[in-house]
Amino acid sequence: MKYIVCEKPHEFLLKQKPVPQRKPGESLLKIRKIGICGTDIHAYGGTQPYFNYPRVLGHELAAEYIEGEALGFNMGDRVTFIPYFNCSKCIACRNGLTNCCVNMQVFGVHIDGGMAEYVCVKDDYLLHGEGLNYDELALVEPLAIAAHAVRRAGVTKNDTVLVMGAGPIGIGLVQFAQQAGAMVIVMDINDHRLNFCREELGVKALINPYKADVIESLAALTNGDMPTVIFDATGNRNVMNSAFNYMAHGGRFVLVGLQKGELAFSHPDFHKRESTLMSSRNATRQDFDYVLQSLRSGTIDPKRYITHRGSFESMIEQFNDWIDPKNNAIKIIIDVD
Ligand SMILES: [Zn+2]
Ligand SMILES: [Zn+2]
């Protein structure tokens with residue numbers, strides 16, 4: 001079978017190896033679609049912290065069930081799976097927080113992933129894809145990241161939510177916060193992405209921090225109250241540090257994006273607000289189930305996210321072009337046929 005390995009930063013290679021042999025408790029899947037994620041782009045660019053090469057990337061996967069004994073799964077079924085392989089033994093796993101397992105192995109990040117024609121996956125991580133197509137199934141994982149963060153923040157209709165960064169994760173945050181009934185404000189330095197939020201997601205409150213004073217804009221949009229929930233989906237340290245001052249009194253600040261450095265904020269300003277700071281990592285089965293249900297009922301329609309696509313074979317030569325910011329990619333999908 002064919003597979004693509006990220007040999008070292010800025011180098012993908014198309015290689016051949018035998019179809020993997022499944023072990024007991026595993027199923028053999030044929031990969032049909034691969035979503036390209038910020039993590040893949042950082043790994044390719046050499047900017048992903050603690051990343052080892054060579055590595056087969058790919059964790060946003062839609063697949064066809066080929067062979068195995070997983071209960072309720074049949075040959076030819078459309079599936080996806082939870083790519084966060086947890087140990088089931090650590091303190092987090094014992095408390096049901098499989099998303100932040102101490103010994104987390106993310107498929108396509110810590111271990112080789114799904115840029116391959118076939119993969120073997122433990123049955124425990126499989127998800128039924130019935131009623132959904134392969135494009136939708138490849139978008140389940142990034143949506144689950146967003147759904148988890150919105151659930152973790154406890155967003156309700158009484159919240160005014162600021163989403164900072166309108167990439168694929170930010171767009172998911174917008175949709176799940178809207179679904180929770182909140183009023184949503186989006187901030188991004190890219191007008192193309194702001195326009196996408198206006199036109200496709202119906203967001204009325206948009207801020208480009210290069211063009212307007214952020215605190216004044218937020219005050220004007222919230223009657224001086226400021227946002228009760230802030231999500232960072234930029235992964236940019238300066239943006240995160242500034243956002244401590246964007247929060248309403250009694251507000252929550254949720255870090256979804258990740259950066260390598262330290263954060264700094266004024267303790268008195270943080271304290272007087274009785275602020276809550278939290279990070280949000282990966283997602284649990286509950287979040288995946290919620291995403292699948294939202295897709296099936298049509299309340300979330302992510303097909304519009306897909307701006308670029310190509311074949312497995314052409315990915316290597318097109319990759320640099322796709323990730324060039326001037327091409328305004330939101331989600332890139334690889335078709336593996
Ligand atoms: Zn991803
Ligand atoms: Zn664990």
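Our structure's up above, just so we're on the same page.
A short tour of the structure in this document, coming up. What you see is a predicted model, and the numbers here were worked out from it, not measured in a lab. (Residues numbered from 1 in each chain as written. Chains lettered and ligands numbered in written order. Predicted model: local features only at pLDDT ≥ 70, side-chain atom pairs only at ≥ 80, totals over all residues. Heavy atoms only, no water.)

## What to know about the packing of aromatic side chains
Spelled out, the test is: Two rings belonging to Phe, Tyr or Trp (six-membered ring only in the last case) form a pair when the distance between their centres is within 6.5 Å. Interplanar angles under 30 degrees mark stacking, angles over 60 mark edge-to-face geometry, and anything in between is tilted. A run of H or I in DSSP counts as a helix once it spans at least four residues, and a run of E counts as a strand once it spans at least two, with each numbered from the N terminus. Throughout this description, buried means an accessible area under 20% of the type-specific maximum (1.4 Å probe, protein chains only), exposed means over 50%, and partly exposed covers the range between. Our definition puts a charge over a ring when NZ of Lys or CZ of Arg is within 6 Å of the ring centre and also within 35 degrees of the ring normal.
Enumeration according to the criterion identifies 15 aromatic pairs in this entry. Ring centres 5.4 Å apart and planes at 75 degrees place the aromatic pair Phe81 and Phe107 in the edge-to-face group. Placement of the pair is Phe81 in strand 5 (residues 78-81) and Phe107 in the loop between strand 7 (105-106) and strand 8 (118-122), with a sequence separation of 26 residues. Among the residues examined, Phe81 registers a relative accessible area of 2% and is labelled buried. Ring centres of Phe244 and Phe253 lie 5.1 Å apart, and the angle between their planes is 85 degrees; this geometry places the pair in the edge-to-face category. Both residues of the pair, Phe244 and Phe253, belong to the buried class. Sitting over the ring of Tyr3, Lys17 keeps its end group 4.4 Å from the ring centre. The positively charged end of Lys30 is found above the aromatic ring belonging to Tyr118, 5.5 Å away from the centroid.

## Some thoughts on the coordination of the zinc ion (ligand 1)
In plain terms, the rule: As a rule, N, O and S atoms within 2.8 Å of a metal are its donors, except that Na, K and Ca use 3.2 Å; water is not among the atoms, so sites may look incomplete.
Summarising the metal site, the zinc ion (ligand 1) is bound by the protein donors Cys37 (SG), His59 (NE2) and Glu60 (OE), whose distances to it range over 2.1 to 2.4 Å. All donor residues of the zinc ion (ligand 1) come from one chain, and their arrangement in sequence is C-x21-H-E. Residue Cys37 is found in the loop between strand 3 (26-36) and helix 1 (38-45), and its partner His59 is found in the loop between helix 1 and strand 4 (60-67); the two are separated by 22 residues along the sequence. By relative accessible area, which is 13% here, Cys37 ends up buried. Exposure remark for His59: the relative accessible area of 4% places this residue in the buried category.

## Structural notes on unusual backbone geometry
Glycine aside, negative phi is the norm for most residues, and most peptide bonds take the trans geometry. Following Tyr53, the chain continues to Pro54 via a peptide bond in cis, the omega torsion being -5 degrees. Mapped onto the elements, Pro54 comes out in the loop between helix 1 and strand 4. You will see that Asn223, though not glycine, has its phi angle at about 60 degrees, which is positive. According to the relative accessible area criterion, Asn223 is exposed, its value standing at 75%. With phi around 45 degrees, Glu274 is a residue other than glycine that occupies positive phi space. Tracing the backbone shows Glu274 in the loop between helix 9 (267-272) and strand 15 (276-279).

## Regarding the coordination of the zinc ion (ligand 2)
Note the cut-off: Tetrahedral means four donors with every angle between 85 and 135 degrees, whereas square planar (four donors) and octahedral (six donors) require angles over 155 degrees between opposite donors and between 65 and 115 for all others; sites fitting neither are termed irregular.
Summarising the metal site, the zinc ion (ligand 2) is bound by the protein donors Cys87 (SG), Cys90 (SG), Cys93 (SG) and Cys101 (SG), whose distances to it range over 2.3 to 2.4 Å. Around the zinc ion (ligand 2) sit four donor atoms; with metal-centred angles ranging over 101 to 120 degrees, the donor geometry is tetrahedral. All donors of the zinc ion (ligand 2) come from a single chain, and their spacing in sequence reads C-x2-C-x2-C-x7-C.

## Some points on the nonpolar core
This is how the line gets drawn: In these notes, a set of buried Ala, Val, Leu, Ile, Met, Phe, Trp, Tyr and Cys residues joined through side-chain atoms within 4.5 Å is what counts as a nonpolar core. Contacts between residues were defined by any pair of non-hydrogen atoms, one from each residue, lying within 4.5 Å.
Core analysis: the biggest nonpolar cluster contains 95 residues, and Met115 and Phe231 have the highest contact counts within it. Look past the residues within four positions of Phe231 in its chain and what remains in contact with it is Ala149, Val150, Ala153, Val155, Val161, Leu162, Val163, Met164, Leu173, Val254 and Val256. Within the second largest apolar cluster, 19 residues are counted, among which are Leu162, Ile185, Ala205 and Ala243.

## Concerning the environment of Ser311
Residue position: Ser311 is located in strand 16 (residues 306-311). Residue class for Ser311 comes out partly exposed when judged on its relative accessible area of 31%. Spatially, the C-alpha atom of Ser311 lies 34 Å from that of Phe231, the residues being 80 residues apart in sequence. Excluding anything up to four places from it in sequence, Ser311 contacts Ile334 and Asp335.

## Quick notes on helix 5 (residues 168-179)
Put simply, the rule is: A helix is expected to span 1.5 Å multiplied by its residue count minus one.
Relative to the 16 Å expected for 12 residues at 1.5 Å per residue, helix 5 spans 17 Å between its end C-alpha atoms, a close match to the ideal helical length. In terms of burial, helix 5 is a largely internal element, nine of the 12 residues being buried. Turning to helix 5, its buried residues are Pro168, Gly170, Ile171, Gly172, Leu173, Val174, Gln175, Phe176 and Ala177. Positive phi shows up at Gly181, right after helix 5, with a value of about 95 degrees.

## Some details on the side chain of Arg252
Which entries qualify depends on this criterion: We define a polar contact as two N or O atoms separated by no more than 3.5 Å, with the added condition that, inside protein, one atom must be a possible hydrogen donor and the other a possible acceptor, whereas residues neighbouring each other in sequence contribute only through side-chain atom pairs.
Its place among the elements puts Arg252 in strand 14 (residues 252-255). When its relative accessible area of 16% is taken as the criterion, Arg252 is described as buried. There is a polar contact of 2.8 Å between the side chain of Arg252 and the backbone oxygen of Ala153. A distance of 3.1 Å separates a polar atom in the side chain of Arg252 from the backbone oxygen of Gly154. Arg252 has contacts with Ala153, Gly154, Val155, Asp159, Thr228, Val229, Ile230, Met247, Thr276 and Met278, leaving out every residue within four places of it along the chain.

## Some details on the pairing of strand 1 (residues 2-8)
Two faces make up the sheet, and in a regular strand the side chains alternate between them. Worth spelling out the cut-off: We call two strands paired when DSSP finds no fewer than two bridges between them.
Pairing of strand 1 with strand 2 (residues 11-16), which is carried by six bridges, proceeds in the antiparallel orientation. Note that in strand 2 the partner of Lys8 across the bridge is Glu11. Count of turn residues in the strand 1/strand 2 antiparallel hairpin: two residues, of which His10 carries a positive phi of about 70 degrees.

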